[in-house]
Number of protein chains: 2
Amino acid sequence: MGATKTDLFTKQQNDIAQMAKAIAHPARIAILQYLVKKNACVCGDLVDELGLAQATTSQHLKELKAAGLIQGTIEGASVCYCIDPKIWKQYQQLFSAFFKDVNLDGSCC
Amino acid sequence: MGATKTDLFTKQQNDIAQMAKAIAHPARIAILQYLVKKNACVCGDLVDELGLAQATTSQHLKELKAAGLIQGTIEGASVCYCIDPKIWKQYQQLFSAFFKDVNLDGSCC
DNA sequence: TCTTATTATTGCAATATTGCGATGAATTCA
DNA sequence: TGAATTCATCGCAATATTGCAATAATAAGA
């Protein structure tokens, strides 16, 4: 025990949870906000920006890449990162749909 | 080491990450979806609904309550749960704002 | 009161995540 | 070629999360 029992839930539920997990760390939020702010390919300065060790930053970048949220392009000796607008839009739509329209007249007990 | 270094990031970044973490588990997604679908106070049947042990379900409900997303009202021997529409709306707005308007002309390398 | 039903809490084991130093791979420049 | 630079990966330690059995707490009904 200790591992999430993904088989108990629908693919959609697992997907949403997985996507939430991808942004469930302040370092990854910071990375994404920085890339969005720059709105361009960013090479190198991410480690200085975060304040975490290079290995740790690289790990977070790897997770964001695995989630599809960012792309990394090798540019000479360094690597350039940017938002993947296609996946970003998917996230936007999915979370928007998830939080859509709860009947706000909380007819609770 | 092993603990998230929250002091390196802004309160906003930590908040977003924390909110994402609250929904970063398929069981919690399933609970929320069920409550939204019923759109009412739900007593008792959550354990049967999920397929997880009672203790585990209770733990997830506790986390959702801690996140503010649901309310629990004692109703006799059982407890009724429902979405907190106020906090729900906050989540909706926050994620909407976060994923807002990336310039989609991926001017990447 | 005693039993039953329902939920919370405790304590533990298994697994996942976070963070970093050390090392490796690839590129640039002297 | 030989540094120096940049980033990824490995291996480890610390911490967090997940899951459940056992138990406690509370309320309803016999």
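Scroll up to find the structure.
Note that the structure is predicted; figures quoted are calculated from it, not measured.

1. Re the overall build of chain A
From N to C terminus, chain A includes 5 helices and 3 strands. Reading the secondary structure of chain A in the N-to-C direction produces α-α-β-α-α-β-β-α. Counting only C-alpha atoms, chain A reaches 60 × 35 × 25 Å along its principal axes. Classification of the 109 residues of chain A by burial places 40% in the buried group. Sequence separation of 24 or more characterises 50% of the internal contacts of chain A that already satisfy a separation of 6 or more. Taking the average place of the 11 positive charges on the side chains of chain A and the average place of its 10 negative ones, the gap between the two points comes to 3 Å.

2. Structural notes on the relation of the copies chain A and chain B
Overlay of chain A on chain B (RMSD 0.0 Å): rotation 180°, translation along the axis 0.0 Å. Accordingly, the operation relating the two chain copies is best matched by a two-fold axis. Closest approach to the rotation axis within chain A is made by the C-alpha atom of A:A20, at a distance of 2.6 Å. When the interface residues of chain A are mapped onto chain B, 98% of them again lie at the interface, so the same face is used by both copies.

3. Overview of the packing of helix α2 (residues 26-38) of chain A against helix α1 (residues 11-22) of chain B
Running from N to C, α2(A) and α1(B) cross one another at 115°; their axes reach a closest spacing of 8 Å. Taken as a pair, α2(A) and α1(B) cross one another with a handedness that is right-handed. Facing α2(A), whose interface residues are A:P26, A:I29, A:A30 and A:Q33, α1(B) presents B:Q12, B:Q13, B:N14, B:I16 and B:A17. A per-class count over the contact of α2(A) with α1(B) returns 5 nonpolar, 4 polar and no charged.

4. Notes on the sheet that holds strand β3 (residues 78-83) of chain B
All names here are of chain B. A sheet is described by the order of its strands in space; here 3 strands give the open sequence β1-β3-β2, paired in antiparallel fashion. On the outer flanks of this sheet lie β1 (42-43) and β2 (70-75), each paired with one strand and no other. Both β2 and β3 contribute to a ladder of 6 bridges, which runs antiparallel. Bridge pairing in β3 links I70 to I83.

5. Focus: helix α2 (residues 26-38) of chain B
Residue and element names in this part refer to chain B. The end-to-end C-alpha separation of α2 is 18 Å, in line with the 18 Å expected for 13 residues at 1.5 Å each. Of all the residues in α2, the buried ones are P26, A27, R28, I29, A30, I31, L32, Y34 and L35. Phi for N39, located one or two positions after α2, is positive at around 50°.

6. Some words on the packing of helix α1 (residues 11-22) of chain A against helix α5 (residues 85-98) of chain A
All names here are of chain A. Their axes nearest at 11 Å, the elements α1 and α5 cross at an angle of 120°. Taken as axis vectors, α1 and α5 run oblique relative to one another. Remark: the crossing between α1 and α5 carries left-handed chirality. Contacts from I16, M19, A20 and A22 of α1 reach α5 at Q90, Y91, L94, F95 and F98.

7. Concerning the interface of chain A and chain B
Counting residues at the interface gives 50 residues for chain A and 49 residues for chain B. Together, the buried faces of chain A and chain B total about 4,300 Å²; carbon and sulfur atoms form 73% of this surface. Linking chain A with chain B are 0 salt bridges, by the criterion used here. At the junction of chain A and chain B, the tally comes to 8 residue pairs in polar contact (both at pLDDT 80 or more). Mapped by element, the contributors of at least two residues to the side of chain A that touches chain B are α1, α2, β2 (70-75), β3 (78-83) and α5 of chain A. Tallied by class, the residues present in the side of chain A that touches chain B amount to 30 nonpolar, 14 polar and 6 charged.

8. Regarding the environment of A:A67
Residues and elements named next belong to chain A. Here A67 lies in the loop between α4 (54-66) and β2. Exposure remark for A67: the relative accessible area of 22% places this residue in the partly exposed category. For the pair formed by A67 and S78, sequence separation is 11 residues and the distance between their alpha carbons is 21 Å. Ignoring sequence-local partners within four residues, the contact set of A67 consists of A22, I87 and Y91.

What counts and what doesn't
- Residues numbered from 1 in each chain as written.
- Chains lettered and ligands numbered in written order.
- Predicted model: local features only at pLDDT ≥ 70, side-chain atom pairs only at ≥ 80, totals over all residues.
- Heavy atoms only, no water.
- Helix = DSSP H or I, 4+ residues; strand = E, 2+ residues; numbered from the N terminus.
- Buried < 20%, exposed > 50% of the residue type's maximum accessible area, 1.4 Å probe, protein only.
- Contact = heavy atoms within 4.5 Å.
- Lys, Arg positive; Asp, Glu negative; His and termini not counted.
- Charge placed at Lys NZ, Arg CZ, Asp CG, Glu CD.
- Least-squares fit on C-alpha atoms with pLDDT ≥ 70 in both.
- Axes fitted to C-alpha atoms, helices over the stretch in contact; angles between N-to-C directions.
- Left-handed = near helix turned anticlockwise from the far one by under 90°.
- Nonpolar A, V, L, I, M, F, W, Y, C, P; charged D, E, K, R; others polar.
- Pairing = 2+ DSSP bridges.
- Expected span 1.5 Å × (residues − 1).
- Parallel < 35°, antiparallel > 145°, perpendicular 65-115°, else oblique.
- Buried area = accessible area lost by both parts, 1.4 Å probe.
- Salt bridge = Lys/Arg side-chain N within 4 Å of Asp/Glu carboxyl O.
- Polar contact = N/O pair within 3.5 Å; in protein donor to acceptor, adjacent residues only side chain to side chain.

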